[in-house]
Structures are given as C-alpha cells and as structure tokens.
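Single-letter residue listing:
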Amino acid sequence: MNNPSEGATQRYELMEKIQMVDFALVELTLYLDTHPNDSQAIQQFNELAVQSRDLKANYEKHFGPLRQYGASFSGYPWNWKDSPWPWQL
Amino acid sequence: MWYYEKKLQYPVKVTECNPRLAKYLIEQYGGADGELSAALRYLNQRYSIPDKVIGLLTDIGTEEFAHLEMIATMIYKLTKDATPEQMKEAGLGAHYANHDHALYYNNAAGSPWTATYIQAKGDPIADLYEDIAAEEKARATYQWIINMSDDPCLNDSLKFLREREVVHSQRFREAVEILKFEKDRKQFF
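Thresholds, definitions, all that
- Residues numbered from 1 in each chain as written.
- Chains lettered and ligands numbered in written order.
- Predicted model: local features only at pLDDT ≥ 70, side-chain atom pairs only at ≥ 80, totals over all residues.
- Helix = DSSP H or I, 4+ residues; strand = E, 2+ residues; numbered from the N terminus.
- Rg over C-alpha atoms; globule rule 2.2 N^0.38 Å.
- Buried ≥ 20, exposed ≤ 12 C-beta atoms within 10 Å, placed from the backbone.
- UniProt positions renumbered as here; feature names shortened; annotations may be inferred.
- pLDDT = per-residue confidence, 0-100.
- Core = buried A, V, L, I, M, F, W, Y, C linked by C-beta atoms within 7 Å.
- Contact = placed C-beta atoms within 7 Å.

**Some words on the overall build of chain A**
Each helix and strand counted, chain A has 2 helices and 0 strands in total. Relative to the globule expectation of 12 Å for 89 residues, the C-alpha radius of gyration of chain A, 16 Å, shows a markedly less compact shape. For chain A, the spread of C-alpha atoms along the three principal axes comes to 50 × 25 × 20 Å. Expressed as a percentage of its 89 residues, the buried residues of chain A come to 11%.

**Description of the UniProt feature "binding site: Ca(2+)" (unreviewed entry) in chain B**
Residues and elements named next belong to chain B. As recorded in UniProt, the sites labelled "binding site: Ca(2+)" (unreviewed entry) are Asp59. Tracing the chain through its elements places Asp59 in helix α3 (residues 54-79). The exposure class assigned to Asp59 is partly exposed, which follows from the 19 C-beta atoms found within 10 Å.

**Comments concerning the confidence of the model for chain B**
With 99% of its residues at a pLDDT of at least 70, chain B reaches an overall mean of 97. The ipTM value of the predicted complex is 0.95, and its pTM value is 0.96.

**Things to note about the nonpolar core**
Residues and elements named next belong to chain B. One finds Leu25, Tyr29, Ile71, Met74 and Ile75 to be the most contacted residues of the largest nonpolar core, which totals 35 residues. Elements that contribute at least two residues to this core include exactly α1 (19-30), α2 (35-45), α3, α6 (124-148) and α7 (152-188). Considering every element that reaches this core, the biggest residue donor is α3, with 10 residues. Contact partners of Met74, with chain neighbours within four places excluded, come to Val12, Val14, Leu25, Leu154 and Ser157. Core analysis: the second largest hydrophobic core is formed by 5 residues, Ala82, Ala90, Leu92 and Tyr96 among them.

**Here's the deal with the environment of Lys61 of chain A**
Position of Lys61 of chain A relative to the elements: it lies in helix α2 (residues 39-63). Remark: the alpha-carbon pair of Lys61 of chain A and Gly75 of chain A, spanning 14 residues in sequence, is separated by 9.1 Å.

**Considering the UniProt feature "binding site: Mn(2+)" (unreviewed entry) in chain B**
All names here are of chain B. Per the UniProt entry, the sites bearing "binding site: Mn(2+)" (unreviewed entry) are Glu35, Glu64, His67, Glu135 and His168 in this numbering. A maximum C-alpha distance of 12.8 Å places the annotated residues, which cover 134 residues in sequence, within one compact spot. As for its position among the elements, Glu35 is in helix α2. Look at Glu35 and you get buried, because 24 C-beta atoms sit within 10 Å.

Now the structure itself:
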C-alpha cells in the first residue's frame, strides 16, 4: 500500500465483507445444529463457505494470514505474528 | 482443537476514551452471566450431554469466545488512553492499583470470576435450562448496559451481542425439544 490511509480503508472494507459472510455462516451453523434436514439452508451454507474462502484468500494477499496452524499460508519472513491484532484495528 | 482467526466476529468501534463504561462492561467479561462463564459452561457440559446436542454446545461455546474477545476489545479501547486520574474518577482506582490497564476476569463490582458461577449437573434437561436462563440473564445485562451508555458506536456492537443471546436461547430451547422427542420415542418403541 503506497498510501497508508487508503490501505486502512481497503482493509476495513475487506474485513467487513468477511465479517458479514462469516456471520451468516455462524448463524447457519447453529440453525443447522437443530434443523439438520433443511436442504435449502445447507445449500446456502455451502455457497457462503466458498464465498468466505475466496474473500479470505484475497484479504490475506494484501494484509497477511488470518488463520493459524496452517489454515493460512505464510509470507516471508513469517508474518502470522505481525500486528495489528483484532483489538488494535 | 481450536483455531484462532485474526478477526473480530463483529466490528468494535468506540467514540472516545470512557473508563466509566468499561467498568460496567467488565460484568460481561468476568461476571456470573458474562461471556467467559458462558464459554466455559457450554464447553464443559458437552462431554456428558446426549450426542444429538453436542454440536450445538460446541458451536455456541466457541462463539462465546468470539464474544469474549469483542468485550475485551471494548474495554481495551475505552481505557487504553485513560490517565490514572480518569481511572480513579470512573471508579476504577482499585482496579488500577492492582492491574494498571490490564484486563482481569472480575465482575463490575470487582469480585473475581469463580467456577461457582457455572453448573454441570449431568442431567441434560437441567443443564439446558440453566443455559437458557444464562442467555436470558446475559441479554438483560446487555440491555442494562445499553441503557447507561451514551456511545452510539459502542451501542451498535452491544446490540449485536444482545441479539446473539436471543438466538442462543432459541437454539437451546430447540435442543430441549429434540431431547424430549427422543425420550418419548424411546418409551413408545
């Protein structure tokens, strides 16, 4: 990012999209735990899971890994430990 | 095992430094009906609950840790720039004397978190009714804090958390019905 404030704005926007999709996935997960035969909800869940994966891959290209223990790839040098952490954003 | 993700479940923004609000919010961090109690209660009960509802307890328990992180973020942002004088004025003088700006698992009145806040009875209906009550008590606590807060950014995040308590309560009520149905079915056949 050349312009730090532009980078910050883009980061917030991408993060917010991920938060929206992932929230729907949390909500569907709990719903499906008690409604396991709702095929429409399962279809929605699987579609959103693909969206979430793609959004995170794009975020991680710009801002580093989101998930630990091998669920995300690392850049060089090791960048999992880099700030900002969620409460610092 | 668990995977950490470098993201909050829902954005947390605060308008300004406000240690007074942080003092009240600590109730949801280390209080009886707070997020730590919720996470530990569900994730502990799941080992002895019928298989049909283990998934639900695991998933809600996990979500509670995401809520704990949101509450921590609120308290951190509301207090990080507070001077010792401001902490004292907000009623956090005793907290500052012991912890500086560190977070600690106690309730709004300063009592440390205790395992006596949570129960595991081994009786699935008793445990699920406790969980429903816990969600309703947490929902009420969020409402009381929102009533005292004049920070619109913070209230947005608090309203999100209040709604999650409603959804969790609903899912636990459905879990009770699932177990009752199973029990009746076994008696008939």
